[in-house]
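Letter by letter, the chains look like this.
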Amino acid sequence: MDHFLYRDGQLYAEDVPVADIAAAVGSPVYIYSTATLLRHFRLFDEALAWGPHLVCYAMKAASNQAILKTLAEAGAGMDVVSGGEYARAKAAGVPGERIVFSGIGKTRDEIRAALIGGVRQFNIESEPEMRVISEIASSMGVIAPVTVRVNPDVDAKTHAKIATGKSENKFGIPIAKARSVYAEAAALPGLKVVGIDVHIGSQLTDLEPFAMAYRKVAELTEVLRADGHEISRLDLGGGLGIPYTRSNEAPPLPVEYGAVVQRELGHLGCEIEIEPGRLIAGNAGILVSKVIYVKEGEGRNFLILDAAMNDLIRPAMYDAHHDIVPVIEAKAGAEQAPFDIVGPVCESGDTFAKGRMMPALGEGDLVAFRSAGAYGSVMASEYNTRALVPEVLVRDDQFAVIRPRPSFEDMINRDSLPEWL
Ligand SMILES: *Cc1c(COP(=O)(O)O)cnc(C)c1O
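All residue numbers refer to positions counted from 1 along the written sequence of the respective chain. For this predicted model, a pLDDT threshold of at least 70 governs which residues receive local features, and a threshold of 80 or more governs which side-chain atom pairs are given and counted, while totals over whole chains, interfaces and linings are taken from all residues. The basis for the side-chain values is all heavy atoms of the structure; hydrogens and waters are excluded.

Brief notes about the nonpolar core
Nonpolar side chains in soluble globular proteins tend to be buried together. Counting residues in hydrophobic clusters, the biggest one holds 100 residues, and the most contacted among them are Tyr57, Met78, Phe122, Leu234, Leu236, Tyr257 and Leu265. Under the DSSP-based scheme used, a helix requires at least four consecutive residues in state H or I and a strand at least two consecutive residues in state E, with every element numbered from the N terminus. Here this core takes eight residues from helix α8 (residues 208-226), the largest share from any one element. The domain limits used here are those given by an automatic or database domain assignment. Residue assignment places this core across two domains, with domain 1 (4-31 + 282-412) and domain 2 (34-280) each supplying three or more. Once you skip the residues sitting within four places of it in the chain, Tyr257 turns out to touch Phe44, Leu207, Phe210, Tyr214, Leu236, Gly237, Leu240 and Ile274. Membership of the second largest hydrophobic core comes to 18 residues, among which are Phe4, Leu11, Ala22 and Val394. Only buried residues count toward a nonpolar core. Its members are Ala, Val, Leu, Ile, Met, Phe, Trp, Tyr and Cys residues joined through side-chain atoms within 4.5 Å. The rule is simple: take the accessible area with a 1.4 Å probe, protein chains only, and divide by the maximum for that residue type; under 20% is buried, over 50% is exposed, in between is partly exposed. By definition, residues are in contact when any of their heavy atoms lie within 4.5 Å.

Structural data, given as structure tokens:
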């Protein structure tokens, strides 16, 4: 459920007409709903209420500080995957003890910054990384809390570009090697083993791969405890999918996911951490765009929008489907026709949908891409020297620009010319 609904024939973001935001801020524009963000966070929080837990929002899904602060004030921790994300989380006021540091290539500078600023744990992804964290922590005279990310070799049955839990993926340490890696971790100075980490992929629409992975984590917990390690925390990653269309079968709910976690791991007495990104932010954001031209082609017609692949890359990168709806609702029974919905960028890949049935739209009409809150704005680029799309946060009947659209001058002035030119 989200808070982007039609009222009296026009699309609202909570209590604000989407058209009013587009009139004030221009298009394209990303719009996020506070109520939806909080609702999704609370669903996870409640799904794990049977035991000690922390929901660490995977901020790579949507990392505007206003979003981070909204969630952090509700009690969320953060999962970060770079030094930039760590700095952003801190800037948004998230305390270090609620920040989990993931990512397979943490640099020395990133590790040092997190140890200085405070960190809940590093999720170690390789043995060389483990040795570097040990070396830096020791040289600073501090202890780094760590888990090791294990790769359970489970097929997440999701898009190949977002599957991470098979042995051929670059992520984590093969679970069969875990005992020796934990033995080395325990022996290294500057490290304190606190638990186990796993994350098998994104946009999972079935609970079975989670159950399989978590069963392996449960077994490993017993084995590592028998080896003398203190396993008090299990970080189970993110990955629960969202409905991208209104018509298809709905993915499992957080409460059902929480029940699987309890069934597989509840008996171990561990604190549970999860790192959902997409499910918290995905349906909490829309991308609003304007029709520039309606072009009649040979055998097909095109809706040319002012949003493009640089603003929302998911269709080009993952063949992703986004529902695209008119901001002014079509009359019941209004005729629909197929359109290829495209952006203005000079790439054939700049196609959002092919043969999509749409009601009659004309120049200047607004449309909204649903489910664009996660992996939307954060993956945007300035390709074709197009300005990054501004972001707006709505709360009830208020809205605020949380990232303005840069001017062409802002963009161009970031270049500097060498003295010989
Ligand atoms: C991307 C990622 C997540 C979030 O995945 P979602 O599918 O957005 O929930 C969580 N943990 C790690 C380590 C990730 O890389």
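Considering the packing of α8 against helix α9 (residues 254-265)
One can describe the packing of α8 onto α9 by two numbers: an axis separation of 9 Å at closest approach and a directional angle of 30 degrees. Regarding the angle of α8 to α9, the classification is roughly parallel. Considering how the two elements wind past one another, α8 and α9 form a crossing that is right-handed. Residues Phe210, Ala211, Tyr214, Arg215, Val217 and Ala218 of α8 touch α9, and the partners they reach there are Tyr257, Val260, Val261, Arg263, Glu264 and Leu265. For this scheme, ten residues count as nonpolar: Ala, Val, Leu, Ile, Met, Phe, Trp, Tyr, Cys and Pro. Four count as charged, namely Asp, Glu, Lys and Arg, and the remainder, Gly too, count as polar. Broken down by class, the residue content of the contact of α8 with α9 amounts to nine nonpolar, no polar and three charged. Each axis is a line fitted through C-alpha atoms, taken for helices only over the stretch in contact, and angles between the N-to-C directions span 0 to 180 degrees. Angle categories are assigned with fixed cut-offs, so that under 35 degrees is roughly parallel, over 145 is roughly antiparallel, 65 to 115 is roughly perpendicular, and the rest are oblique. By convention the crossing between two helices is left-handed if the near helix lies anticlockwise of the far one by an angle smaller than a right angle, and right-handed if it lies clockwise.

Some remarks on the pairing of strand β5 (residues 53-58)
For β5, a buried count of five out of six residues is recorded, marking the element as mostly surrounded by other parts of the structure. Pairing between strands is defined by DSSP: at least two bridges between the two strands are required. The pairing of β5 with strand β13 (residues 271-274) spans three bridges and is classified as parallel. Paired with His53 across the strands is Ile272, a residue of β13. Relative to strand β6 (residues 77-80), β5 runs parallel, the two being bridged by three bridges. Residue pairing in the sheet places Ala58 in a bridge with Asp79 of β6.

Some details on the pairing of strand β2 (residues 10-13)
Both faces of the sheet carry side chains from a regular strand, because those side chains alternate between them. Both strand β1 (residues 4-7) and β2 contribute to a ladder of four bridges, which runs antiparallel. Paired with Arg7 across the two strands is Gln10, which belongs to β2. The turn joining β1 and β2, which pair antiparallel and follow one another in sequence, is formed by two residues; a positive phi near 45 degrees is taken by Asp8. Here two bridges tie β2 to strand β3 (residues 16-17), and the two strands are oriented antiparallel to one another. The residue bridging Tyr12 from the neighbouring strand is Pro17, located in β3. What sits between the antiparallel neighbours β2 and β3 is a turn of two residues, in which Glu14 has the positive phi angle 50 degrees.

What about the side chain of Ser102?
Tracing the backbone shows Ser102 in the loop between β7 (99-101) and α5 (108-117). Counted as a polar contact is a pair of N or O atoms within 3.5 Å, where, for protein atoms, one must be capable of donating a hydrogen and the other of accepting one, and residues adjacent in sequence contribute only when both atoms are in side chains. Of the polar contacts made by the side chain of Ser102, one reaches the side chain of Asn123; its length is 3.1 Å. The contact partners of Ser102, leaving out residues within four places of it in the chain, are Asp79, Val80, Val81, Asn123 and Glu275.

Brief notes about the packing of aromatic side chains
Paired rings are identified among Phe, Tyr and Trp, the last through its six-membered ring, by centres lying within 6.5 Å, and are further divided according to the angle between planes into stacked (under 30 degrees), edge-to-face (over 60) and tilted (the rest). Under the criterion given, the structure shown has eight aromatic pairs. For the pair Phe210 and Tyr257, a centre-to-centre distance of 5.1 Å together with 80 degrees between the ring planes defines the contact as edge-to-face. Within this pair, whereas Phe210 is found in helix α8, its partner Tyr257 is found in helix α9, the two being separated by 47 residues in sequence. One aromatic cluster is present, built from ring pairs that chain together Phe44, Phe210, Tyr214 and Tyr257. In this arrangement the basic side chain of Arg7 is found over the ring face of Tyr12, its NZ or CZ atom lying 4.6 Å from the centre. Placement of a charge over a ring requires the Lys NZ or Arg CZ to be within 6 Å of the ring centre, with the centre-to-atom vector within 35 degrees of the ring normal.

Remarks on helix α3 (residues 65-73)
All buried positions along α3 are accounted for by Ile67, Leu68, Thr70, Leu71 and Ala72. Between a side-chain oxygen at the N-terminus of α3 and the backbone nitrogen of Ala66 the separation is 2.8 Å; the capping residue is Asn64. Of the residues flanking the end of α3, it is Gly75, one or two places downstream, whose phi is positive at about 115 degrees.

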